[in-house]
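These are the residues of each chain, in order.
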Amino acid sequence: MSCAGTVEKLTQVDIAENALKNAVKCEIPTISVVADEEFLPFKEDTFDLVVSSLSLHWVNDLPRAFKEIQQVLKPDGVFVGAMFGGDTLYELRCSLQLAELEREGGFAPHVSPFTAVSDLGHLLSRAGFNTLTVDTDEIQVNSPGLFEVMEDLQGMGESNCSWNRKPLLHRDTVLAAAAIYQERYGHSDGSVPATFQIFYMIGWKFHESQARPAQRGSATVSFGDLAKIDGLLSRGKK
C-alpha cells in the first residue's frame, strides 16, 4: 500500500484453488497463491495489511495461523478479520444432538467447531498483536425448515468439517431433529431461524511509533474526582 492509501498490489491466498479461480476480478494488480493459513509462504515483514473474511474457522491450529499472519505483517501493519463464532448454528446443533440422544443413545458433532469470543483476544495477544479490538454480531436467517438450512449450508461449502464426525445420519434421527428444531425454535409463520455469530477483530504489529499506555501510577486525576466534574463545570460557567 502506498502512503496515499491506495492499494498497489493485492495477494489472494486460499487453500482451495477453485476459490481463487472464481474470485471477483478487479483493476488492482493481483497475485493468487494456493496456501494454508497455518503455513504462509511469505517472508517476514511483507504486507502492510492482512484481511481474512469468514475462513479461519476451517483452520486446525488457530494460534499458529494468527502467529503466521503476525509474522508476514510489516511493523505497524494491521490484521483485520472476521470469523464465525461459537454460537453459530446453535439451533441446528442442539436439535441434532437431542434427536440423536433420543434415537441412538449418544451423539456426534454434526456442526463444525467454532471459537469462543472469550478466547479470541487471548489468542491474538499471544500471537504478538497489540492495540486489539474485538467485536461480535449476530445475523439470523429464516428458512422453511431444518432440511433447507442443511441444504443452504452445503451450498455455501460449510458442511461439517470435524474429523470425528459420523459418516451419515439415520433418516429417523433427521426427522426427529427437524421436529425438535420446529418445536423449540420455530416462528409462528412456520419458518425456523439459523443464527450466525460473527467475530470482528483488529490487531496491529508493534512499531515504536505506536501509542503506548501510560506508566502505572502516572495519572494526575483520580477516578473519584469524576463524581465532582459536574460541580467543577458549573463553577467554571459562573
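Everything here concerns the structure above.
Residues numbered from 1 in each chain as written. Predicted model: local features only at pLDDT ≥ 70, side-chain atom pairs only at ≥ 80, totals over all residues. Heavy atoms only, no water.

Enquirer: Can you help me understand the side chain of Ser-143 in this one?
Expert: By the secondary structure assignment, Ser-143 is in strand 5 (residues 129–143). Ignoring any residue separated from it by four or fewer positions in sequence, one finds Ser-143 in contact with Glu-148, Val-149, Asp-152, Ser-191 and Val-192. (Helix = DSSP H or I, 4+ residues; strand = E, 2+ residues; numbered from the N terminus. Contact = heavy atoms within 4.5 Å.)

Enquirer: Can you help me understand the side chain of Thr-195 in this one?
Expert: Summarising the element assignment, Thr-195 is placed in strand 6 (residues 192–205). The class of Thr-195 is buried, set by a relative accessible area of 2%. At 2.5 Å, the side chain of Thr-195 and the side chain of Glu-91 are in polar contact. (Buried < 20%, exposed > 50% of the residue type's maximum accessible area, 1.4 Å probe, protein only. Polar contact = N/O pair within 3.5 Å; in protein donor to acceptor, adjacent residues only side chain to side chain.)

Enquirer: What's the story with the sheet that holds strand 3 (residues 47–53) in this structure? I'm lost.
Expert: Two pairing modes exist for strands in a sheet, parallel and antiparallel, and in both the strands are linked by backbone hydrogen bonds. If you trace the four strands from one edge of the open sheet to the other, you get 3-4-6-5, paired in mixed fashion. Across the chains shown, the open sheet's two edge strands, defined by having one partner strand only, are strand 3 and strand 5. Averaged over neighbouring strand pairs, the angle between their axes works out to 10° when direction is ignored. Relative to strand 6, strand 5 runs antiparallel, the two sharing 13 bridges. What sits directly across from Thr-133, in strand 6, is Ile-202. (Pairing = 2+ DSSP bridges. Axes fitted to C-alpha atoms, helices over the stretch in contact; angles between N-to-C directions.)

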